[in-house]
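# Inside the fold
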Amino acid sequence: MRINLRDLTLEELEEFMTGLGEPAYRGRQVFRWLTRPEVEDFSVMTDLPKSLRARLSGIATVALPQLVERKLSTDGTAKLGLRLSDGEVVECVLIPERDHFTLCVSTQVGCAMGCRFCLTGRMGFRRNLSTGEIVSQVLLARRFMEESGIDDRPLRNLVFMGMGEPLANYRHLVKALKILTHPQGFHFARKRTTVSTVGLVPQMRALAEEFPVALAISLHAPDNDLRSRLIPATRRYPLEEILAACRDYPLRRGARITVEYVLLSGVNDHPWQARRLVEILRGIPVKVNLIPFNPHPELPFKRPSESRVRRFQEIILSEGVVATVRKSKGLDIGAACGQLRAELSLS
Ligand code: SAH
Ligand code: SF4
């Protein structure tokens, strides 16, 4: 098995090169090449000596997953399906905003958390993505933007809200974050790179220490009883511990933690639950993002009415907490929150 250099951070690439008896700056050169969407082999890396390129081809690869699915929504959202080297398929979603694009990145094929309202959860866990497979989503999205002539606006924001629980694939996630935010490479801003988690407390604390980026926490319920029914896998982390980890999470000046709350009709959308939610969030700098449930025949919930959603939002706002309602994009192509399942990998 040849090593895929996309799995390496800049420091690791430098070490890899010195290990071959080459100067460390060769690692930096390769690192920069790997940020270009068209690069798939060493032959194009013209600032490396020919002999080194030949040697690298023998022991390493820079292969990318294959783009096997492109679905375009009427609202401009695109769902991209990537076939990985072992045949698994993973999806990511490119979302147009006014002056930029946001990419919703996946970290696992499937998910082990088993949230009752999420299709990815229903498919179960298949495997973690490697660092390179996470980073490659950005490159294939950029390639898609070029091909479709929509590269007038930059791909500027990353949200780790695709398939899988990012913090359950912690090592590969952190390496991917280091690669994607490195000033000598992709150079995404850390404040524009958001990791969404269901609340794995030890990993939340580890991320805070090791490589803090913007954080979103999927809360979905104001009490432990309801929460553990909706998100069975997080029973071992009570809300109190999750909120304490949020309180301790390092934030830049003016920044807030995003609290995600899927609104399920008759389950977690009562006015008293909005008030309770505000109470438990007191003292933590948050903005609440309400996500009206995206229905699917296999999921046993209903989306609340618009007035019900607005009432929930208004209660939170009236307590002085920022609350927005997420407009789910890409519903018509199964690209909205909770709809990613990668049909291709099931066939
Ligand atoms: N595993 C991480 C990140 C991926 S899910 C997490 O759960 O935070 C991204 C967001 O989509 C989560 O907030 C999740 O609760 C939400 N989501 C899942 N299924 C949904 C559905 N059917 N309708 C609306 N939002 C959903
Ligand atoms: Fe996994 Fe997030 Fe879906 Fe829950 S909502 S099953 S954590 S992907």
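Residues numbered from 1 in each chain as written. Chains lettered and ligands numbered in written order. Predicted model: local features only at pLDDT ≥ 70, side-chain atom pairs only at ≥ 80, totals over all residues. Heavy atoms only, no water.

Take the side chain of Arg 143 next. Within the secondary structure, Arg 143 sits in helix 5 (residues 131-147). A polar contact is formed between the side chain of Arg 143 and the backbone oxygen of Pro 37, at a distance of 2.7 Å. Excluding anything up to four places from it in sequence, Arg 143 contacts Pro 37, Glu 38, Glu 40 and Leu 64. (Helix = DSSP H or I, 4+ residues; strand = E, 2+ residues; numbered from the N terminus. Polar contact = N/O pair within 3.5 Å; in protein donor to acceptor, adjacent residues only side chain to side chain. Contact = heavy atoms within 4.5 Å.)

Let's shift gears to the packing of aromatic side chains. The full count for this structure, using the stated rule, is 2 aromatic pairs. On the basis of an interplanar angle of 75° and a centroid distance of 5.9 Å, the ring pair of Phe 293 and Phe 301 is categorised as edge-to-face. Above the face of the Phe 211 ring, Arg 190 is positioned so that its terminal group lies 3.8 Å from the ring centre. (Phe/Tyr/Trp six-rings, centres within 6.5 Å; stacked < 30°, edge-to-face > 60°. Lys NZ or Arg CZ within 6 Å of the ring centre and 35° of its normal.)

A few words on the sheet that holds strand 4 (residues 78-83). The mixed open sheet is built from 10 strands, whose spatial order is 3-4-5-6-9-10-11-12-13-14. In this open sheet, the two edge strands, each paired with only one partner strand, are strand 3 (66-72) and strand 14 (322-325). Strand-to-strand twist of the sheet, defined as the mean angle between neighbouring strand axes without regard to direction, takes the value 25°. Sheet topology note: the strand 10 (residues 193-197)/strand 11 (residues 214-218) ladder contains 4 bridges and is parallel. Bridging across to strand 11, Thr 194 finds its partner in Ala 214. Packing against the sheet, helix 11 (residues 306-318) makes contact with strand 12 (257-263), strand 13 (286-292) and strand 14, and its axis sits at approximately 165° to strand 14. (Pairing = 2+ DSSP bridges. Axes fitted to C-alpha atoms, helices over the stretch in contact; angles between N-to-C directions.)

Contacts to ligand 2 come from Cys 111, Met 113, Gly 114, Cys 115, Cys 118, Gly 121, Gly 164 and Val 198. Of the residues belonging to the shell around ligand 2, the class tally is 5 nonpolar, 3 polar and no charged. (Near = heavy atom within 4 Å. Nonpolar A, V, L, I, M, F, W, Y, C, P; charged D, E, K, R; others polar.)

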